[in-house]
Amino acid sequence: QVQLVESGGGLVQAGGSLRLSCAASGNIFSINDMGWYRQAPGKQRELVATITRGGSTNYADSVKGRFTISRDNAKNTVYLQLSSLKPADTAVYYCNAEVNSATYFARPYWGQGAQVTVSS
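Only a predicted model underlies this, so the values are computations on that prediction, with no experimental measurement involved. (Residues numbered from 1 in each chain as written. Predicted model: local features only at pLDDT ≥ 70, side-chain atom pairs only at ≥ 80, totals over all residues. Heavy atoms only, no water.)

Colleague: Go over the packing of aromatic side chains, please, and point to the residues and values.
Modeller: Evaluated as defined, the whole model comprises 1 aromatic pair. Seen from the ring of tyrosine 104, arginine 107 lies directly overhead, with NZ or CZ sitting 4.2 Å from the centre. (Phe/Tyr/Trp six-rings, centres within 6.5 Å; stacked < 30°, edge-to-face > 60°. Lys NZ or Arg CZ within 6 Å of the ring centre and 35° of its normal.)

This is the structure we're talking about:
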């Protein structure tokens, strides 16, 4: 079994910063793309940022220049640094990983979600 465990959510004032972590564990051969998604109440889950195993990144226009995604392949961990936070960033943030194992190729796994609340 593969499990993704998130940490680092919380309450932050507008303009502040916060760092999310997501560690994958289990019978992992390798991990392809990893990413962060978020979902606000009543809205669909949306892409925030992705990162390839080699470190290439992509960001949603709404967060570009404010958020930074990174990863540590030795630890099977992906991070999201959230800066210059706005109330519109308030959402549950989910990490995602495409995991290769002896059984599956590029099987997607999701973290449990981390609540980020930005006050005005």
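Colleague: Please provide a residue-by-residue account of the pairing of strand E5 (residues 46-51), values included.
Modeller: Both strand E4 (residues 30-39) and E5 contribute to a ladder of 5 bridges, which runs antiparallel. Each residue of the ladder has a partner; that of tryptophan 36, found in E5, is alanine 49. Between E4 and E5, which pair antiparallel one after the other, the connecting turn spans 6 residues, and glycine 42 there sits at a positive phi close to 80°. As paired elements, E5 and strand E6 (residues 57-59) share 3 bridges and run antiparallel to each other. Across the sheet, threonine 50 pairs through a bridge with asparagine 58, a residue of E6. Linking two consecutive strands that pair antiparallel, namely E5 and E6, is a turn of 5 residues; a positive phi of about 105° is found at glycine 55 within it. (Pairing = 2+ DSSP bridges. Helix = DSSP H or I, 4+ residues; strand = E, 2+ residues; numbered from the N terminus.)

Colleague: Summarise the state of the cysteines; cite the residues concerned and give the values.
Modeller: By the definition in use, this model includes 1 disulfide. Disulfide pairing is shown between cysteine 22 and cysteine 95; the S-S distance is 1.9 Å. The S-S bond linking cysteine 22 to cysteine 95 shows a torsion near 55°; that makes this disulfide right-handed. In this pair, cysteine 22 is assigned in strand E3 (residues 18-26) and cysteine 95 in strand E9 (residues 91-100), connecting sequence segments 73 residues apart. An identical accessibility class is assigned to cysteine 22 and cysteine 95; each is buried. (Disulfide = S-S within 2.5 Å. Buried < 20%, exposed > 50% of the residue type's maximum accessible area, 1.4 Å probe, protein only.)

Colleague: Provide a residue-level description of the environment of asparagine 58, including the pertinent values.
Modeller: When you line up the elements, asparagine 58 lands in strand E6. Residue asparagine 58 is classed as exposed on the basis of its relative accessible area of 52%. Excluding residues that lie within four positions of it along the chain, asparagine 58 makes contacts with Val48, Ala49 and Thr50. (Contact = heavy atoms within 4.5 Å.)

Colleague: Describe the environment of phenylalanine 105, listing the residues and the values that go with them.
Modeller: Here phenylalanine 105 lies in the loop between E9 and strand E10 (107-110). Classification of phenylalanine 105 as exposed rests on a relative accessible area of 71%. Placed 75 residues apart in sequence, phenylalanine 105 and serine 30 show a C-alpha to C-alpha distance of 9.5 Å. Aside from chain neighbours lying at most four places away, what touches phenylalanine 105 is Val99 and Asn100.

Colleague: Provide a residue-level description of the nonpolar core, including the pertinent values.
Modeller: Leu20, Trp36, Leu80 and Tyr93 are the most contacted members of the largest nonpolar core, which has 31 residues in total. Breaking this core down by element, the ones donating at least two residues are strand E1 (2-7), E3, E4, E5, strand E7 (67-72), strand E8 (77-82), E9 and strand E11 (114-119). Here this core takes 5 residues from E9, the largest share from any one element. Those residues within four positions of tyrosine 93 in sequence are excluded, and the remaining contacts are Glu6, Leu20, Trp36, Tyr37, Arg38, Val48, Phe67, Leu80, Leu82, Gly113, Ala114 and Val116. (Core = buried A, V, L, I, M, F, W, Y, C linked by side-chain atoms within 4.5 Å.)

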